[in-house]
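# A closer look at the structure
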Amino acid sequence: MAKIYYNDDADLSIIQNRSVAIIGYGSQGHAHALNLRDSGVDVRIGLAEGSKSRAKAEAHGLRVLTVAEAAKEADVIMILTPDQVQAKVFEESIKDNLDEGDAIFFAHGFNIRFGYIKAPEGVDVAMVAPKGPGHTVRREFEAGRAVPDLVAVEVDASGKALELALSYAKGIGGTRAGVIETTFTEETESDLFGEQAVLCGGMSHLVQQGFEVLTEAGYQPEIAYFEVLHELKLIVDLMVEGGIAKQRWSISDTAEYGDYVSGPRVADAHVKENMQAVLKDIQDGTFAKRFMDDQSNGGKEFKELRSKEESHPIEETGRELRSLFAWEQTDEDYTEGTAAR
Ligand code: NDP
Ligand code: MG
Ligand code: MG
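- Under an unreviewed UniProt entry, the name given to the chain is Ketol-acid reductoisomerase (NADP(+)), and the source organism is Kocuria atrinae.
- Under the UniProt heading Sequence similarities (unreviewed entry), the note attached to the chain is "Belongs to the ketol-acid reductoisomerase family."

## Thoughts on the overall build of the chain
- For the chain, the count of helices and strands is 18 helices and nine strands.
- For 341 residues, the compact-globule estimate of 2.2 N^0.38 gives 20 Å, and the C-alpha radius of gyration of the chain, at 22 Å, lies within 12% of that figure.
- Projected onto its principal axes, the C-alpha coordinates of the chain cover approximately 65 × 45 × 40 Å.
- Taken over 341 residues, the chain has a buried fraction of 31%.
- Here the analysis covers contacts within the chain between residues at least 6 apart in sequence; of these, 66% occur between residues at least 24 apart.

## Some thoughts on the environment of T317
- Along the chain, T317 falls in helix α18 (residues 313–324).
- Look at T317 and you get buried, because 20 C-beta atoms sit within 10 Å.
- Residues T317 and G285, 32 residues apart in the sequence, show an inter-C-alpha distance of 37 Å.
- Sequence-distant contacts of T317, defined by excluding residues within four places in its chain, comprise P221, E222 and Y225.

## So, the packing of helix α10 (residues 184–199) against helix α15 (residues 269–283)
- Contact geometry of α10 with α15 gives a least axis separation of 10 Å together with a crossing angle of 140 degrees. Between α10 and α15, the interaxial angle falls into the category oblique. In the crossing of α10 with α15, the sense of the turn from one axis to the other is right-handed. Residues E189, L192, F193, Q196 and A197 of α10 lie in contact with α15, whose contacting residues are M275, V278, L279, I282 and Q283.
- Residues of the contact of α10 with α15, tallied by class, amount to seven nonpolar, two polar and one charged.

## Description of the UniProt feature "binding site: Mg(2+) 2" (unreviewed entry) in the chain
- UniProt marks D191, E227 and E231 with the feature "binding site: Mg(2+) 2" (unreviewed entry), using the numbering shown here. Their sequence span is 41 residues, while the largest C-alpha to C-alpha distance among them is 28.3 Å; these annotated residues do not converge on one region.
- Here E227 lies in helix α12 (residues 221–230).
- When you line up the elements, E231 lands in the loop between α12 and α13 (232–250).

## Some remarks on the site of ligand 1
- Taken together, the neighbourhood of ligand 1 is formed by 24 residues, with G24, G26, S51, S53 and H108 sitting nearest.
- Of all elements in the fold, only α2 (27–38), α5 (83–94) and β7 (124–130) reach the threshold of two or more residues within the shell around ligand 1.
- Partitioned by chemical class, the residues of the shell around ligand 1 number 12 nonpolar, 10 polar and two charged.

## Some points on the domain arrangement of the chain
- According to the domain assignment, the chain consists of domain 1 (8–182) and domain 2 (192–327).
- Listed per partner, the contact involves four residues of domain 1 and five residues of domain 2.

## Thoughts on the UniProt feature "domain: KARI N-terminal Rossmann" (unreviewed entry) in the chain
- Sites flagged by UniProt as "domain: KARI N-terminal Rossmann" (unreviewed entry) map to residues 2–182.
- A distance of 8 Å separates the end C-alpha atoms of residues 2–182, which is 39% helix and 23% strand.

About the thresholds
- Residues numbered from 1 in each chain as written.
- Chains lettered and ligands numbered in written order.
- Predicted model: local features only at pLDDT ≥ 70, side-chain atom pairs only at ≥ 80, totals over all residues.
- UniProt positions renumbered as here; feature names shortened; annotations may be inferred.
- Helix = DSSP H or I, 4+ residues; strand = E, 2+ residues; numbered from the N terminus.
- Rg over C-alpha atoms; globule rule 2.2 N^0.38 Å.
- Buried ≥ 20, exposed ≤ 12 C-beta atoms within 10 Å, placed from the backbone.
- Contact = placed C-beta atoms within 7 Å.
- Axes fitted to C-alpha atoms, helices over the stretch in contact; angles between N-to-C directions.
- Parallel < 35°, antiparallel > 145°, perpendicular 65-115°, else oblique.
- Left-handed = near helix turned anticlockwise from the far one by under 90°.
- Nonpolar A, V, L, I, M, F, W, Y, C, P; charged D, E, K, R; others polar.
- Near = placed C-beta within 6 Å.
- Domains from an automatic or database assignment.

Structure follows, in structure tokens:
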């Protein structure tokens with residue numbers, strides 16, 4: 001059984017007695033910074049000169065410095081820029097501002113696991129990774145609840161890195177829900193696998209292919225959208241509440257029987273083999289290298305794929321339908337369409 005920590009296992013005063021820099025003020029950055037501040041922690045934000053995020057952080061009443069200034073001032077530095085720029089930001093603005101006894105924190109192990117960031121001697125390297133999008137991390141905290149976190153220690157220079165990480169997790173709320181101990185390797189590989197094989201990659205393409213099969217067979221796209229995309233949320237909510245079993249308990253007997261006889265035809269043994277191949281590419285660094293090499297090339301492949309996928313016909317149907325119905329609720333930061341990113 002994995003080790004799980006709760007409020008009573010963490011001492012908030014540890015992080016309250018440190019000074020924290022949050023580097024980046026995006027999805028995770030804003031949530032960590034605001035939750036820590038509400039927990040009585042001394043927080044400053046580090047952003048690049050001319051950053052688009054500066055106005056937002058300042059509007060939230062936070063002190064914004066350059067990354068180098070923030071890293072110099074603080075002794076716990078949580079790096080929450082996108083993974084693909086962390087190594088550059090670390091080399092240019094963080095590394096030389098670290099002192100012995102400082103700690104660098106991550107919310108995902110990518111750069112440590114694949115060796116893009118190497119911490120200097122005497123510095124703790126730890127992870128506090130909320131298992132949910134940043135906007136949910138903030139919303140749940142404000143509601144008195146929390147998104148569960150993972151914690152991991154890669155380098156325990158101080159001998160107290162785990163206590164520090166747990167204290168940080170308490171500051172952002174995570175110990176209210178439960179904090180599971182893991183390693184950088186396990187978190188990184190399983191996180192990449194989950195998002196690629198199931199949550200994002202697998203799900204998106206399952207939905208797209210379901211939509212294609214129905215519309216190519218002559219069914220109306222609006223009907224297809226409801227059947228393969230819109231209802232997904234209702235199904236997933238049930239799975240989160242009570243596992244696959246609760247979902248099967250709630251659906252009709254017809255749907256449940258169809259799950260048993262047709263599910264394995266769709267997600268057959270080949271799908272499992274494909275997933276195993278995806279996992280191998282994650283474990284041996286092939287995926288990380290492809291991602292980082294493309295980023296060094298200006299993200300050419302990434303942008304091409306983004307624009308190709310966004311032109312899938314299901315998106316057009318969805319945009320029309322969502323504008324006609326009242327269920328849609330968007331996050332303040334999100335605008336539809338690539339151009340707005
Ligand atoms: P975002 O893309 O939301 O964050 C972008 C932020 O980083 C912005 O404030 C941006 O500023 C800033 N930034 C970008 N480039 C630089 C730079 N060169 N120097 C300084 N600041 C920069 O990131 P996420 O919150 O999605 O991800 C952060 C980390 O959290 C990653 O390690 C990710 O894997 C992890 N994570 C993310 C989750 C999520 O919910 N998204 C879930 C769990 C973990 P500007 O406005 O100027 O561009
Ligand atoms: Mg991830
Ligand atoms: Mg139905």
